[in-house]
Amino acid sequence: MGEIQALRGTRDILPEEVGYWQRVEAVAQEILARAAYREIRTPIFEQTALFERGIGEATDVVGKEMYTFLDRGDRSITLRPEGTAGVVRSLIEHGLQTQGGVQRLWYTGPMFRYERPQAGRQRQFHQLGVEVLGSADPRADAEVIAIATDILQSLGLKNLRLDLNSVGNLEDRQNYRQALVNYLTPYKDELDPDSQERLSRNPLRILDSKDKRTQEIAQNAPSILDYLGSYSRHHFEQVQQLLSDLGIKYQLNPRLVRGLDYYTHTAFEIQSDDLGAQATVCGGGRYDGLVAQLGGPDTPAIGWAIGLERLILLLQQLQELPLSKLDFYVVSRGDRAETQALALAQKLRHAGFSVELDLSGSGFKKQFARADRSGAVACLILGDEEAEGQTVKLKWMASKEQQAIAQADLLAMADELRRQLDSLKTSGTPNQVNA
Ligand code: ATP
Ligand code: MG
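Figured I'd write up the structure that's included with this text. (Residues numbered from 1 in each chain as written. Chains lettered and ligands numbered in written order. Predicted model: local features only at pLDDT ≥ 70, side-chain atom pairs only at ≥ 80, totals over all residues. Heavy atoms only, no water.)

Here we take up the overall build of the protein. Along the protein, the regular secondary structure elements total 16 helices and 16 strands. For the protein, the C-alpha radius of gyration of 28 Å lies well beyond 22 Å, the compact-globule estimate for 435 residues. Counting only C-alpha atoms, the protein reaches 90 × 60 × 45 Å along its principal axes. A buried classification covers 49% of the 435 residues belonging to the protein. In the protein, of all internal contacts separated by at least 6 residues, the share reaching a separation of at least 24 is 70%. Element-wise, carbon and sulfur atoms account for 49% of the exposed surface of the protein, whose accessible area totals about 22,000 Å². (Helix = DSSP H or I, 4+ residues; strand = E, 2+ residues; numbered from the N terminus. Rg over C-alpha atoms; globule rule 2.2 N^0.38 Å. Buried < 20%, exposed > 50% of the residue type's maximum accessible area, 1.4 Å probe, protein only. Contact = heavy atoms within 4.5 Å. Areas by Shrake-Rupley, 256 points an atom, 1.4 Å probe, with all protein chains shown as cover.)

Now the structure itself:
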């Protein structure tokens, strides 16, 4: 029997990479907290019907990409392919929207879609998303876009493009749909097979086909922006004005239609030129119809989701991430010394230092080599002699300077040590994540 490997389309996030994830989460949490968004955690699996109703059966996600199975009680269960449906289900179930006012929520976690895996496209991937429920105000649209921009910019990302569109309301879309079908029908035989099928089921989706010839044809299709009614047009103009006022650059893209049926009005994507084929880092838009469609009261809403794998690919191209440096590496040899070393390491940890204890039991030479590789700022050495006198040798790794000191004194001078360690950490060349 061969060794068992991770499933196709899934991957391990190893310790060397986790620092990037923690950084993204920390930056996002800080920005979201400052804007009064609260985290919500919903289950990873839900009834299949939730996604069928909330995403739409004609979409790729529901039609082809869901991980759906019967559980042992013969219930149809689906691993969530996205976050919005679960958040809205939870909101309705707990009556959050009846508390009145606006709910600003965010979530993060794994999502599952049965897709063809490639760079930036996996079967288990992660999203960070926000949902603002209970406001139809164009300022909500501008706020969520501004927050997405803030997160990406605070992480140091550049070369990002914001594409903006409006898909209007249902009535606008019905009018547009007819115009689009009229335009596309003469080209039917030239469209890719998926698009031919969509011509009757979901013609708007043809606009974001990845097929080259279909794209060429779509290039001259009528623009949805010419089919917006007066409310939709006014809303969209206000969103654009607010973004300009905030200094956020965007380009209009009338071919930008989100893949999910519940979107209304504003639709947007943030793309990067540095990602190859999977260029979209963040996608979102308004979904004023969804809460009612899932059985809740009429509630306007808007949200977005960032694909974290794609975001982290960009961060990795951009910068090596400084590892948080270890304060002490403790080496010891001999029964008494080894016992004291463990106790000393614990006391130092309780005093707030980061301490790695060598557990190998090998000779001092090998332990010193590991101390070097650990990236610790200082090494603590305990042999028989130190154990006897309850002392320890403190060795600064950069200068190789070394001093003997009573263990009790070391702990008594914690503040002074902290200052020395910190100044050495900032002046020394930071440890780099190795690729
Ligand atoms: P795409 O056109 O790339 O398939 P999508 O329209 O299906 O994207 P959304 O459902 O809007 O994507 O999800 C928001 C974001 O989540 C995407 O912009 C992308 O960054 C990320 N994402 C979506 N599917 C995957 C996947 N299979 N693997 C990795 N990231 C993904
Ligand atoms: Mg997709």
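Having seen it, we continue.
So, on to the sheet that holds strand β4 (residues 76-79). In spatial order, the strands read β2-β4-β3; together these 3 strands make up an open sheet with antiparallel pairing. A strand with exactly one partner marks an edge of an open sheet, and here the two such strands are β2 (45-47) and β3 (67-70). Geometrically, the sheet is characterised by an average inter-axis angle of 35° between neighbouring strands, direction not taken into account. Pairing of β3 with β4 involves 4 bridges; the strand directions are antiparallel. By the bridge assignment for β4, threonine 68 is matched with threonine 78. Across the face of the sheet, helix α2 (residues 48-55) comes into contact with β2, β3 and β4 while running at roughly 80° to β2. (Pairing = 2+ DSSP bridges. Axes fitted to C-alpha atoms, helices over the stretch in contact; angles between N-to-C directions.)

What follows deals with the packing of aromatic side chains. One pass over the full model with this rule turns up 5 aromatic pairs. Judged by centre distance (5.7 Å) and plane angle (75°), the rings of tyrosine 67 and tyrosine 114 are edge-to-face. Here tyrosine 67, found in strand β3, pairs with tyrosine 114, found in the loop between β5 (103-112) and β6 (124-133); they are 47 residues apart in sequence, far enough to count as distant. Classification of tyrosine 67 by relative accessible area gives partly exposed; the value is 26%. If you follow arginine 123 out to its NZ or CZ, it ends over the ring of tyrosine 114, 4.0 Å from the centre. Directly above the ring of phenylalanine 368 sits lysine 395, whose terminal nitrogen or CZ lies 5.2 Å from the centroid. (Phe/Tyr/Trp six-rings, centres within 6.5 Å; stacked < 30°, edge-to-face > 60°. Lys NZ or Arg CZ within 6 Å of the ring centre and 35° of its normal.)

With respect to the helices and strands, the residue glutamine 5 is situated in the segment before α1 (15-34). Sequence-wise, glutamine 5 and valine 27 are 22 residues apart; in three dimensions their C-alpha atoms are separated by 33 Å.

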